[in-house]
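Here's the letter readout for the chains.
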Amino acid sequence: MIGAGVSGLTSALLLARRGLRVCVVADQFYPQHCSSKAAAFWHPFWAGQSAVNRRYAMASWKQLQALSSVTGTGVA
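J.: Lay out the overall build of the protein with the relevant residues and their values.
T.: Helix and strand counts for the protein stand at 2 helices and 2 strands. Taken from N to C terminus, the helices and strands of the protein fall in the order β-α-β-α. Residue burial in the protein is summarised as follows: out of 76 residues, 4% are buried. Across the protein, the fraction of contacts at a sequence separation of at least 24, relative to all contacts at a separation of at least 6, is 14%. For the protein, the computed accessible surface area is about 6600 Å², with 60% contributed by carbon and sulfur atoms.

This is the structure we're talking about:
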């Protein structure tokens, strides 16, 4: 199970696209909890400095850069 926030939903989508079965769960949704435009922050340095973490961080950064130039994604 994955949380239903911005990061959780993105992770769920990517896992589902790889053929994995995903169940997204939240105890509350907007307007009872947070907002429909909650922010997610990218902090790859929290994951450690292994080569695998650096590779995933760079792949994430490139994807976020691409999304930031697409109107309507909300990525900045």
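J.: Any details on the confidence of the model for the protein? Residues and values, ideally.
T.: Taken residue by residue, the protein gives an average pLDDT of 77. The fraction at 70 or more is 72%. Across the protein, helix α2 (residues 51-68) holds the top mean pLDDT of 84, while strand β1 (residues 2-3) sits lowest at 66.

J.: Give a description of the environment of Ala4 that names residues and reports values.
T.: Within the secondary structure layout, Ala4 lies in the loop between β1 and α1 (6-17). Using a relative accessible area of 24% as the deciding quantity, one classes Ala4 as partly exposed.

Thresholds, definitions, all that
- Residues numbered from 1 in each chain as written.
- Predicted model: local features only at pLDDT ≥ 70, side-chain atom pairs only at ≥ 80, totals over all residues.
- Heavy atoms only, no water.
- Helix = DSSP H or I, 4+ residues; strand = E, 2+ residues; numbered from the N terminus.
- Buried < 20%, exposed > 50% of the residue type's maximum accessible area, 1.4 Å probe, protein only.
- Contact = heavy atoms within 4.5 Å.
- Areas by Shrake-Rupley, 256 points an atom, 1.4 Å probe, with all protein chains shown as cover.
- pLDDT = per-residue confidence, 0-100.

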